[in-house]
Amino acid sequence: VSAVPRLQELETPAAVVDLDRMEANLQRVAAYTREHGFSWRPHAKTHKIPELGARQLAAGACGLTVATPREAEVMASVAEDILLAYPPVGETKIQRVLALPEVVRLSVAMDSLEALVPLARAAQERRRRVGVLVEVDVGMGRVGLPEPPQAVEIAVRVADLPGVELDGLLFFPGHVREPLGRQGPALAAVSRRLAGFLEALEGAGIAPRVVSGGSTPTLWRCHEMTGLTEVRPGTNLFNDRTTALFEACGWEDCAYSVLATVVSTAVPGQVVVDAGSKALAREEIGGGIAGFGSVLDRPEVVVTGLSEEHGTLGLEATDWRPQVGERVRLVPNHVCVSVNLQERLWGVRDDEVVECWEVAARGR
Ligand SMILES: Cc1ncc(COP(=O)(O)O)c(C=O)c1O
C-alpha cells in the first residue's frame with residue numbers, strides 16, 4: 001500500500017476510476033438484467049483489465065464478451081465463458097483463439113461461410129467445439145447479415161459442420177443513438193427486424209438458444225427488444241460523456257475520468273490542460289454535439305480542442321476560472337478508446353488511491 005501514491009501526487013495525465021461509482025454501475029446493470037431474466041455478458045473491450053472482468057463475473061455476469069484475440073487471452077485468466085463478438089478471419093487469429101485454455105467455453109460471432117468454414121475445420125483438428133452466433137444486422141449497417149434467408153443458410157451450415165455448434169443469433173444496435181426517452185421507434189424497428197430473423201429460423205426448424213444484443217445507450221430499454229436473451233453492454237461499467245448526453249446515465253454515474261493539470265491560462269476565454277488526444281482520444285459524438293469531453297463535475301465546461309498533449313477547455317458557459325496548477329477531471333466522449341491509451345488505471349475512493357490495474361489487453 002505504501003507504493004500507492006496519493007491522488008495529489010499522481011503525475012498527470014492519469015486515468016482514475018471512482019470505485020464507488022463503478023460498483024454502483026455494476027450493481028445497477030446486474031439488478032436490471034436479473035429483473036428481466038437476461039444473461040449479462042459485459043464487453044471487456046471497455047476496461048481490458050482482468051481484475052475488472054472478475055468483478056463483473058462476481059456481480060453476476062454469465063461470461064465476458066471480447067473483440068480481439070488479445071482480449072480473449074487476457075480475460076481467459078478470469079473467465080471460463082468467452083464470446084468473441086468479432087469474426088476471427090485468417091489462420092493466425094483462428095489458431096490464436098483456439099489455443100485458449102481448454103477450460104474456456106469459446107463462442108464467436110460470424111456472418112460469412114468464408115469465416116465459418118476454416119474456423120470449423122481448425123476447431124475439429126484441435127478437437128475443440130466452438131459455439132457460433134450468427135451475426136445479423138438490425139439497422140446499424142456495419143457487419144451482420146441483412147436478410148433472414150442468409151442467416152438461415154449460415155445456421156444450417158453450422159449444424160452440418162463438425163467443430164462448431166449453433167448457439168443462436170447476435171446483433172449490435174449501435175445505430176440507436178437517440179436519448180433514452182426517444183428510442184421507442186428505433187427499438188420497435190429492431191424488434192421487427194429480429195422477429196423476421198427468428199421466424200425464418202423457426203421455419204427452418206432451428207431454435208436459437210441465445211439471442212445476444214444490447215448496447216450502453218439502449219441498456220435500460222433492452223427489455224423492449226423482443227426475443228432478446230442476453231445483453232452485452234461495455235461502456236456502462238464506467239460511462240462517458242456520450243452516455244450521459246444520451247441520458248443512459250447521470251453525470252454522477254461517470255466513474256472514469258482523466259485527471260489533468262491546468263498548464264496555461266494565457267489565452268482569454270479558455271484554459272489548457274496537459275491531457276490531449278493521447279490521453280482522452282479524439283472521438284466525436286456526431287449529431288452536431290461539439291467537443292471531445294467535459295469536466296467531470298462541470299459538464300458545461302467542454303473540451304473544445306485537442307492536440308497530442310494539450311486539451312483546451314472553453315470557459316464561455318461558466319464563471320469558473322481555474323488557475324495554472326489546478327487539477328481537473330475530464331470525462332472523455334468515448335471511454336473505451338481513452339482506456340486503450342492508458343498503461344494503467346488508478347482506482348480511487350474519495351481522494352484516496354486504493355487500487356492500480358494494468359490495462360493488460362491494451363493495444364490489439
Ligand atoms: C459487438 C458489440 N457488442 C457490444 C458492444 C458494447 O457496446 P457499448 O459500449 O455501447 O455498451 C459493442 C461496442 O462497440 C460491440 O461492438
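Now for a look at the structure at hand.

1. Regarding the packing of aromatic side chains
Next, step 1: What the rule picks out here adds up to 3 aromatic pairs.
Next, step 2: Taking the centre distance of 5.5 Å and the plane angle of 85 degrees together, the rings of Tyr 32 and Trp 220 count as edge-to-face. Placement of the pair is Tyr 32 in helix 1 (residues 19-36) and Trp 220 in the loop between strand 8 (210-213) and strand 9 (230-231), with a sequence separation of 188 residues.
Next, step 3: Relative to Tyr 256, the ring of Phe 238 lies with its centre 5.7 Å away and its plane at 35 degrees, an arrangement referred to as tilted. On the criterion of sequence distance, the pair formed by Phe 238 in the loop between strand 9 and helix 8 (241-245) and Tyr 256 in strand 10 (residues 256-264) is long-range, its members being 18 residues apart. Comparing Phe 238 with Tyr 256 shows no difference in burial state: the two are buried.
Next, step 4: A cation sits over an aromatic face here: Arg 282 above Phe 292, 5.2 Å from the ring centre.

2. Points about the site of the ligand
Next, step 1: Residues in contact with the ligand, as listed here, are His 43, Lys 45, Arg 142, Phe 172, Ser 215, Thr 216, Pro 217, Arg 232, Pro 233, Gly 234 and Thr 235.
Next, step 2: One of the side-chain N or O atoms of Lys 45 is found 3.4 Å from an oxygen atom in the ligand.
Next, step 3: In this structure, Thr 216 approaches the ligand through a side-chain N or O atom, which is 2.5 Å from an oxygen atom.
Next, step 4: In isolation the ligand has 390 Å² of accessible area, and contact with the protein removes 87% of it.

3. Quick word on the packing of helix 1 against helix 2 (residues 50-58)
Next, step 1: Following both chains from N to C, one finds helix 1 and helix 2 inclined at 45 degrees, their axes separated by 10 Å at the closest point. Taken together, the axis directions place helix 1 and helix 2 in an arrangement best described as oblique. In this structure, helix 1 meets helix 2 at a crossing whose hand is right-handed. Taking contact as the criterion, the partners of Leu 19, Met 22 and Leu 26 in helix 1 are, on helix 2, Leu 52, Arg 55 and Gln 56.
Next, step 2: Its residues assigned to classes, the contact of helix 1 with helix 2 comprises 4 nonpolar, 1 polar and 1 charged.

4. Side note on the sheet that holds strand 8
Next, step 1: With parallel pairing, 8 strands are arranged side by side in an open sheet as 2-9-8-7-6-5-4-3. In this open sheet, the two edge strands, each paired with only one partner strand, are strand 2 (39-40) and strand 3 (64-66).
Next, step 2: Alignment of strand 8 against strand 9, held across 2 bridges, turns out to be parallel. Considered in strand 9, the bridge of Gly 213 is made with Val 231.
Next, step 3: Running at roughly 160 degrees to strand 5 (residues 105-110), helix 5 (residues 113-125) makes contact with strand 5, strand 6 (130-135) and strand 7 (164-170) of the sheet.

5. What about the nonpolar core?
Next, step 1: Core analysis: the biggest nonpolar cluster contains 100 residues, and Phe 238, Leu 313, Leu 330 and Leu 345 have the highest contact counts within it.
Next, step 2: Grouped together as the second largest cluster of nonpolar side chains are 8 residues, Leu 7, Ala 14, Val 16 and Trp 346 included.

6. Focus: the pairing of strand 8
Next, step 1: Burial along strand 8 is two-sided: Val 210 and Ser 212 facing one way and Val 211 and Gly 213 facing the other are all buried.
Next, step 2: With 3 bridges joining them, strand 7 and strand 8 adopt parallel strand pairing. Bridging from a neighbouring strand, Gly 168 pairs with Val 210 of strand 8.

7. Considerations on the side chain of Thr 216
Next, step 1: Mapped onto the fold, Thr 216 is located in the loop between strand 8 and strand 9.
Next, step 2: With relative accessibility at 6%, the residue Thr 216 sits in the buried group.
Next, step 3: Among the polar contacts made by the side chain of Thr 216, one reaches the main-chain amide nitrogen of Asn 236 at a distance of 2.9 Å.
Next, step 4: Beyond its immediate stretch of four places on either side in the chain, Thr 216 contacts Pro 233, Gly 234, Thr 235, Asn 236, Asn 239, Thr 243 and Ala 248.

What counts and how
- Residues numbered from 1 in each chain as written.
- Predicted model: local features only at pLDDT ≥ 70, side-chain atom pairs only at ≥ 80, totals over all residues.
- Heavy atoms only, no water.
- Phe/Tyr/Trp six-rings, centres within 6.5 Å; stacked < 30°, edge-to-face > 60°.
- Helix = DSSP H or I, 4+ residues; strand = E, 2+ residues; numbered from the N terminus.
- Buried < 20%, exposed > 50% of the residue type's maximum accessible area, 1.4 Å probe, protein only.
- Lys NZ or Arg CZ within 6 Å of the ring centre and 35° of its normal.
- Near = heavy atom within 4 Å.
- Polar contact = N/O pair within 3.5 Å; in protein donor to acceptor, adjacent residues only side chain to side chain.
- Areas by Shrake-Rupley, 256 points an atom, 1.4 Å probe, with all protein chains shown as cover.
- Axes fitted to C-alpha atoms, helices over the stretch in contact; angles between N-to-C directions.
- Parallel < 35°, antiparallel > 145°, perpendicular 65-115°, else oblique.
- Left-handed = near helix turned anticlockwise from the far one by under 90°.
- Contact = heavy atoms within 4.5 Å.
- Nonpolar A, V, L, I, M, F, W, Y, C, P; charged D, E, K, R; others polar.
- Pairing = 2+ DSSP bridges.
- Core = buried A, V, L, I, M, F, W, Y, C linked by side-chain atoms within 4.5 Å.

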